[in-house]
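# Structural overview for review
These are the residues of each chain, in order.
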Amino acid sequence: MAEIDLGALRRNVERLRRTLGVGVSIYGVVKADAYGHGAVRVARTLEPLVDALAVSLAEEGLELREAGIAGPIIVLGAYLDRYHSEIVEEALTPVVYDRDDLERFGAAPVRRRSRRGRGPGGMADPVIDLHVKIDTGMNRLGLAEAALPGFLDRAAQLPRVRVRGLCTHFASADAADEGSARDQLRRFTHCLAAARARGVGPTVVHAANSAAAVRFPEARFDAVRPGLALYGAMPSAAVAQPDLEPVLALRTRIMALHDLAPGAAVSYGGLWRAARPSRVATLPLGYADGYPRHVRGAEVLVRGRRAPIVGAVCMDMLMADITDVPGAAVGDAVTLIGRDGALGISVDDVARWAGTVNYEILCGISKRVPRLYRESAPGAAP
């Protein structure tokens, strides 16, 4: 079970606001099922606390609208897959960089009244506010700097299109060396000046993810886009926001116990063999639930003690050596992420054992894992 602490989520937003200072809007990122925390429930919690929500895909934004989320939603991914009419009708704010998308928004048929109250039956076709993405060095998505003037000129010719925002994305804001991020920031500032020189004054400028929002005050502009920080983690040791609280804990229960003689093997391939008389617990959680298969040196917590994961992680189960956990029994709670008494396992620990990043661990927790939502008081252990 994934326990989601909405109280911690609220407090993380408050802490980020104090760090950002006055005048900086927060676009709370809830893409990828809110980093595995459950997009709809998290969005409902964040909606009154942030200035907008941000998703990657049009489908994610439409899911939130269907769930009754009425506030601003920005579609960051810029892969719109011909959802142009739906985006207009549901008053989503798309990030664009492709000329074809610009043209499609300029001509997108509106088949029903939009959430702005215009369109069929209204007084006029709705105007679509969009944000233009600049590629300043990520080399993934975005307009090249040289293409920006022509793109803005064409947008100005389309009566149903209004460029409201300008944005970019940092490739290395969490790296120890600040050089790459600062170079991107210089390039983005140059693009912003070029846009304003053409008479295009975007009303909102945003560039910073969690790392840049905390680390580079000059990158905050009008708004920032925290994702990982909302959920109580940061992308690297180079970025410090020590007062954040983990929002997610991952727990299960012992489903079976096996007493093994020395030399007995555990799990597929017999990768681990007991070096002594051992007791091994089977847990009903595996890589299909999002726990990484290729962990090395990983541990769980049982009865306030550490117990190593042994053998290969299976699709639906994994095993832990509980020989040194006196009294462990079937039904006992097991913590894979979170705290048990004085001990804790963080999402960063699991990422290190798996040789990956904390983003992947959180986003990988599958939808078959039940989510239990709670509201903790300040200071409560996750």
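Residues numbered from 1 in each chain as written. Predicted model: local features only at pLDDT ≥ 70, side-chain atom pairs only at ≥ 80, totals over all residues. Heavy atoms only, no water.

## Focus on the pattern of salt bridges
For clarity, the cut-off: We define a salt bridge as a contact between a side-chain nitrogen of Lys or Arg and a carboxyl oxygen of Asp or Glu at a distance within 4 Å. Where helices and strands are cited, they refer to DSSP runs of H or I of at least four residues and of E of at least two residues respectively, numbered from the N terminus. Any residue under 20% of the maximum accessible area for its type is buried, any over 50% is exposed, and the rest in between are partly exposed; the area is computed with a 1.4 Å probe on protein chains only.
As enumerated under the stated definition, the model contains 23 salt bridges in all. Here E245 and R11 are joined by a salt bridge, their closest N and O atoms 2.6 Å apart. Within this pair, whereas E245 is found in the loop between β9 (223-224) and β10 (248-253), its partner R11 is found in helix α1 (residues 6-20), the two being separated by 234 residues in sequence. A single burial state applies to E245 and to R11, both of which are buried. We note a salt bridge from E103 to R99, for which the minimum N-O separation is 3.8 Å. Taken together, the residues span about one helical turn, with E103 and R99 both in helix α6 (residues 99-107) at a distance of four residues. Taken together, the shared-partner salt bridges in this structure form one network comprising E178, R182, R215 and E218.

## Section: the packing of α1 against helix α3 (residues 39-46)
Here is the rule: Interaxial angle, 0 to 180 degrees, is taken between N-to-C directions of lines fitted to C-alpha atoms, where a helix line uses only the stretch in contact. What sets the label is the angle itself: under 35 degrees gives roughly parallel, over 145 gives roughly antiparallel, 65 to 115 gives roughly perpendicular, and the rest give oblique. Left-handed describes a crossing whose near helix is turned anticlockwise from the far helix by less than a right angle; the clockwise case is right-handed. Here, residues are in contact when the closest pair of their heavy atoms is within 4.5 Å.
Packing of α1 against α3 leaves a shortest axis separation of 10 Å and a crossing angle of 50°. The angle between α1 and α3 places the two elements in the oblique class. Classified by chirality, the crossing of α3 by α1 is right-handed. Packed against α1, whose contacting residues are L6, L9, R10 and V13, the element α3 presents R41, V42, T45 and L46 at the interface.

## Focus on the nonpolar core
For clarity, the threshold we go by: Only buried residues count toward a nonpolar core, which is a set of Ala, Val, Leu, Ile, Met, Phe, Trp, Tyr and Cys residues joined through side-chain atoms within 4.5 Å.
Ranked by size, the top nonpolar core spans 117 residues in total, and within it V132 and Y291 carry the most contacts. Non-local contacts of Y291, meaning those with residues more than four positions away in its chain, are made with L285, G286, A298, E299, I309, V313, L318, L336, V350 and W353. Formed by seven residues, the second largest nonpolar core is a distinct cluster that contains V266, A274, V310 and M319.

## Thoughts on the pairing of strand β5 (residues 93-96)
Note the following rule: A pair of strands is labelled paired if DSSP reports no fewer than 2 bridges between them. Clockwise travel from the first strand over the helix to the second, with the strands pointing away from the viewer, marks a crossover as right-handed.
Along β5, one buried face is formed by T93 and V95 and the opposite face, lined by P94 and V96, is buried too. Bridge analysis of strand β4 (residues 73-75) against β5 gives two bridges, and the strand direction is parallel. Within the sheet, the bridge partner assigned to I74 lies in β5 and is T93. A crossover links β4 with its parallel partner β5, the connecting element being helix α5 (residues 84-89), and its sense is right-handed. Taken together, the two bridges between β5 and strand β6 (residues 128-133) define a ladder with parallel strand orientation.

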